[in-house]
Amino acid sequence: MVTVYGRRNSSNCAKVFWLMDELDQPFTLEPAGRGADARDPEAVRRLSPTGTVPVVQMGDQVVWESNAILRCLAASAPASPLWPADPAARGTIDSWMDWASISLTPPLGRLRKARAAGQTADATATLQAFGLLDRHLAGRSYLVGDTLTLADIAIAPAVFRWRLWEGSAQDPLPDVPNLLAYRDRLRTHAGYRQHVEDALN
Ligand SMILES: N[C@@H](CCC(=O)N[C@@H](CS)C(=O)NCC(=O)O)C(=O)O
């Protein structure tokens, strides 16, 4: 049995919860992280050097970093188009997962924090990343290939948070029709609606 340490309102945990649903994999949730009613508040710090959630325990093995967790869980499950066996297809999916972790999520996170604190913040890096994403999505239904993959699950919380701009007076709303169509496509997946849209709202 897999144990997931995390909280429902965490964007990085949401990816794991959605994937577990897609894989139809049961798991035990140990509430952990900021504001969670943890049975053992030190457990995550003992298990992971970062002390962040999510953390997954599978037998004696512990995996941390949400994207590494996604890959490990998908590889442990029966073959699935979410994480195809072909190394090149996996490489392309990985490219988007790494890009999202390095170039999209950090500037977006800094921007959200600044906005929450009532500070103005430079949105350039975030808008550039969303612009890149919008251009890539032209004529595409999903990030890689024609069906949902780990790349879409990994990027979904950031795409959901695009609404940061909707109704915001701070920045002019950029024209990102492909990104908005993609977000609507993600909405057709029950896991996105439950674990991303509802849980992170
Ligand atoms: N790069 C890490 C980031 C993990 C992270 O920052 N997690 C946040 C929640 S989204 C966290 O642990 N925040 C502190 C807390 O909840 O105690 C990952 O992808 O797993």
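The name an unreviewed UniProt entry assigns to the protein is Glutathione S-transferase-like protein, from the organism Sagittula stellata.

Enquirer: It is not clear to me how the site of the ligand should be interpreted in this structure. Could you clarify?
Expert: With respect to spatial proximity, the complete set of residues near the ligand consists of R7, S10, S11, N12, G33, R34, T52, V53, P54, E65 and S66. Within the side chain of R7, an N or O atom sits 2.8 Å from an oxygen atom of the ligand. The contact in question runs from a nitrogen atom of the ligand to an N or O atom on the backbone of V53, over 2.8 Å. Alone, the ligand offers 500 Å² of accessible surface; in the complex the protein occludes 72% of this. By residue class, the composition of the shell around the ligand is two nonpolar, six polar and three charged.

Enquirer: Quick question: what am I supposed to make of the pairing of strand β4 (residues 61-64) here?
Expert: Along any regular strand, the residues point their side chains to alternate faces of the sheet. Of the pairings in the sheet, the one linking strand β3 (residues 55-58) to β4 comprises four bridges and is antiparallel in character. Following the sheet pairing, Q57 is matched in β4 by V62.

Enquirer: I'm lost on the environment of E166 in this one. Help?
Expert: Position of E166 relative to the elements: it lies in the loop between α6 (150-160) and α7 (177-186). A C-alpha to C-alpha distance of 33 Å links E166 and R90, two positions 76 residues apart in sequence. The residues touching E166, leaving out its near neighbours within four places in the chain, are L173, L180 and R183.

Enquirer: Would you mind going over the state of the cysteines with me for this structure?
Expert: In protein chemistry, a disulfide is the covalent bond that joins the sulfur atoms of two cysteines. Counted by the stated rule, this structure contains zero disulfides. Counting only cysteine sulfurs, C72 is the nearest neighbor of C13, a cysteine outside any disulfide, at a range of 16 Å.

Enquirer: Before we go on, may I ask you to explain the domain arrangement of the protein in this structure?
Expert: A common way to state how big an interface is: give the accessible area lost once the parts meet. Assigned domains of the protein: these are domain 1 (2-76) and domain 2 (87-198). If you average the C-alpha positions of domain 1 and of domain 2, the two centres end up 22 Å apart. Taken residue by residue, the interface counts 13 residues in domain 1 and 19 residues in domain 2. Across the domain 1 to domain 2 interface the summed buried area is about 1400 Å²; carbon plus sulfur atoms make up 66%. At the boundary of domain 1 and domain 2, one finds one salt bridge. Between R71 and D94 there is a salt bridge; the shortest N-O distance is 2.5 Å. For the side of domain 1 that touches domain 2, the secondary structure elements donating two or more residues are α1 (11-22) and α3 (66-76). Taken together, the residues that form the side of domain 1 that touches domain 2 break down as six nonpolar, two polar and five charged.

Criteria and cut-off values
Residues numbered from 1 in each chain as written. Predicted model: local features only at pLDDT ≥ 70, side-chain atom pairs only at ≥ 80, totals over all residues. Heavy atoms only, no water. Near = heavy atom within 4 Å. Polar contact = N/O pair within 3.5 Å; in protein donor to acceptor, adjacent residues only side chain to side chain. Areas by Shrake-Rupley, 256 points an atom, 1.4 Å probe, with all protein chains shown as cover. Nonpolar A, V, L, I, M, F, W, Y, C, P; charged D, E, K, R; others polar. Pairing = 2+ DSSP bridges. Helix = DSSP H or I, 4+ residues; strand = E, 2+ residues; numbered from the N terminus. Contact = heavy atoms within 4.5 Å. Disulfide = S-S within 2.5 Å. Domains from an automatic or database assignment. Buried area = accessible area lost by both parts, 1.4 Å probe. Salt bridge = Lys/Arg side-chain N within 4 Å of Asp/Glu carboxyl O.

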